[in-house]
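# Summary of structural features
Here are the chains, one letter per residue:
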Amino acid sequence: MSNIGSYEERNKNFDWSIAEKELNYKNGDVINIGWYCSDRICEMGKANKLALVWEGLGGIEKKYTFNDIRLKSNTIAAFLKNLGIKNEERVCLFMDKMPELYIGFLGILKMGAIAQPLFSAFGDESLHVRLDNAQTTAIITQRKHVSKVRKIVDRMPYLKHIVIVDYDGKKPLREREISFSMDEAKQVENFDIFPTKAESPSVLHYTSGTTGQPKGVKHVHYSLISQYLTTKWVLDLQEDDIYWCTADPGWVTGTSYGIIGPWSLGITQCVLDTGFSAESWYKFIEKRKITMWYSAPTAIRSLMKAGNEIIKQHDLSSLRHLASVGEPLNAEAVIWSEKVFGKAFLDTYWQTETGSIMLTNFPGMKIKPGSMAKPFPGITATILDPDTYKEIMEPNKPGLIGFRPDWPAMMRTYWRNEETYNKKFVNGWYIPGDRSTIDADGYFWFVGRDDDVINTGGHLVSPFEVESALLEHESVAESAVVAKPDEVNMEVVKAFVTLKPGYEASDDLELQIMNFIRKKLSPLAMPQEIEYMKTLPKTRSGKIMRRVLHAKEWGEEIGDTSTLEDDE
Ligand code: PRX
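About the thresholds
Counting restarts for each chain, with residues numbered from 1 along the sequence as it is written. Totals for whole chains, interfaces and linings use all residues, but because this is a predicted model, local features are given only for residues with pLDDT of at least 70 and pairs of side-chain atoms are given and counted only at 80 or more. Side-chain metrics in this entry use all non-hydrogen atoms of the structure; hydrogen atoms and water are not considered. Inter-axis angles, ranging from 0 to 180 degrees, are taken between N-to-C directions of lines fitted to C-alpha atoms, where helices are fitted over the stretch in contact. Secondary structure elements follow DSSP: runs of H or I of four or more residues count as helices, runs of E of two or more count as strands, with numbering from the N terminus. Note on angle classes: values under 35 degrees are labelled roughly parallel, values over 145 roughly antiparallel, values of 65 to 115 roughly perpendicular, and the remainder oblique. What makes a crossing left-handed is the near helix being turned counterclockwise from the far one by less than a right angle; a clockwise turn instead makes it right-handed. Any pair of residues with heavy atoms lying within 4.5 Å of one another is described as a contacting pair. Side-chain classes follow a simple rule in which Ala, Val, Leu, Ile, Met, Phe, Trp, Tyr, Cys and Pro form the nonpolar group, Asp, Glu, Lys and Arg form the charged group, and the remainder, Gly included, forms the polar group. The criterion for a residue being near a molecule or strand is simple. One of its heavy atoms has to lie within 4 Å of it. Whenever two N or O atoms come within 3.5 Å, that pair is a polar contact, provided that in protein one can donate a hydrogen and the other can accept it, and provided that, for residues adjacent in sequence, both atoms are side-chain atoms. Residue burial considers only the protein chains on display, and all accessible areas are found by Shrake-Rupley using a 1.4 Å probe. Paired strands are those between which DSSP finds at least two bridges.

## Section: the packing of helix α5 (residues 66-82) against helix α6 (residues 99-110)
Contact pair α5 / α6: the axes reach a minimum separation of 7 Å and the direction vectors enclose 55°. Judged on the interaxial angle alone, α6 and α5 are oblique. Both α5 and α6 take part in a crossing whose hand is right-handed. Residues I69, R70, K72, S73, N74, I76, A77 and L80 of α5 form the contact with α6, whose participating residues are I103, G104, L106, G107, I108 and K110. Per-class residue counts for the contact of α5 with α6 are 7 nonpolar, 4 polar and 3 charged.

Structure representation (structure tokens):
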């Protein structure tokens, strides 16, 4: 029996107080995600249950019980407090998927600061703009990534502490750097948890838009209510499940459903801190006896490509439930997964901003492969006319998705960017910026994004950020960046550039520019192709017409470009 039981029944008289009651929370109480995910689970008698099974390169493993994560998050919280860090100050987590990342997240929340997780593959420039916007007080990182912080530290007077969790004493620490070992520090049995309330800020996740710098999405401790219930009803986690969320906590899936969801339910989860390969993933499922697997379409497509023979070489019979998020999950992938694993990946749709699952398939519900299915109970979702923002009542007619912004995990603002935040709401609807249809049965079908943001392998990349970084390369005069179709990643970054006088187009220069972006921004933002142009298509007022280049890449009609002149 699934946790949700009947979708229709759950929808009748739905109220978020269902989750509040289960979590023993009443309006006005203290609510601290760090406490809920560790201390409360111990109080429920699960102190010795495994919380985290971590596997790194070479198969090394570390195991932590709920009591371990309670003690260690206390220890980290106390350490941060002793450094003088105050509640609501931002503490960045900049690490690979090591245990300190997961447990440090709880520690930061326990002492009332705001956790700011950032993807560890970010280069110095990507890191800098995000720390600068958040005016981050401390960064917790590992040896491997310290050099990127050192490169920008002089430009960050607000950054008081650089905490290194695996310092080996070999090279001297520099100013502001401090060593802290979660395991070697004196373990703190009792920590006075900061009395955060429903609206106290908890997490700041950065996401990319078409224009401007990345936006800091502010979440609050009350988000737990949505994250707990969606984990229970969609991911269907049950007491004996062994859960694997493949997302990195540098992104929202890795925190909402890679930390908060499973641990608030007292579920054992496994983490594989190595790169992707079909062989290592199947091996991991077999060895750890994974029962619930939450992943992403790009990974699923890569597994499809690796073929079915390799699946037969592994015992994957532990799997009982699979789900996916981040990009459109194509019908072929759904059908394939049902064939090879005996169960289909269930598509879930949501965003950094929404904090929790919005549209989704549920265990037991009829699957229409390729569809995002239906709103989570309590979520009012519709399709709006892009011009009038009125609801489209006709089935199968595409328009903008709209949500009534009234669920607990909804973002509270964009950090220091209220103006952009306000623009996301029209006529009482939150507009996530995606287009979809609804069929006659009420199922949602993703059509596309409503902006130029590139979704590569489930990660959003801002064309603006890449274009700006390209201009910093000595050879580049002008740049335009668009998505290019890709079989596995759905989209990859493609750049069009014109060169400054004195520079010759060559393959060598292309590689140089690619590398420059990879180091500065990240491997995700690195253009997979650079096309040299004599001139870029522009409006009469001189703005580059990205849409013309986009249409060319996707083999679409360019249409009458004169109409693009004003709004480009
Ligand atoms: O365009 C949608 C796409 O990813 C965007 C959100 O990206 P991000 O904030 O990074 O969060 C990703 C993980 C929650 C959405 O606006 N997206 C997400 N899920 C789906 C999707 N597109 C199609 N189908 C999905 N299931």
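## A look at the site of the ligand
Around the ligand sit 18 residues in total, of which D347, T348, Q351, T352 and D434 are the nearest. One of the backbone nitrogen or oxygen atoms of T348 is found 2.8 Å away from a nitrogen atom of the ligand. Between T352 and the ligand, the recorded distance is 2.6 Å, taken from a side-chain N or O atom to an oxygen atom. In the complex, 96% of the free accessible area of the ligand, which totals 550 Å², lies under the protein chains.

## Some words on the sheet that holds strand β14 (residues 345-349)
With mixed pairing, 9 strands are arranged side by side in an open sheet as β2-β1-β11-β10-β12-β13-β14-β15-β16. Each edge of the open sheet carries a strand with a single partner, namely β2 (61-65) and β16 (374-375). In terms of strand pairing, strand β13 (residues 321-325) meets β14 through 4 bridges, oriented parallel. Bridging from a neighbouring strand, V325 pairs with T348 of β14. Strand contacts of α5: β1 (50-55) and β2, with the helix running at about 90° to β2, the strand carrying the most contacts.

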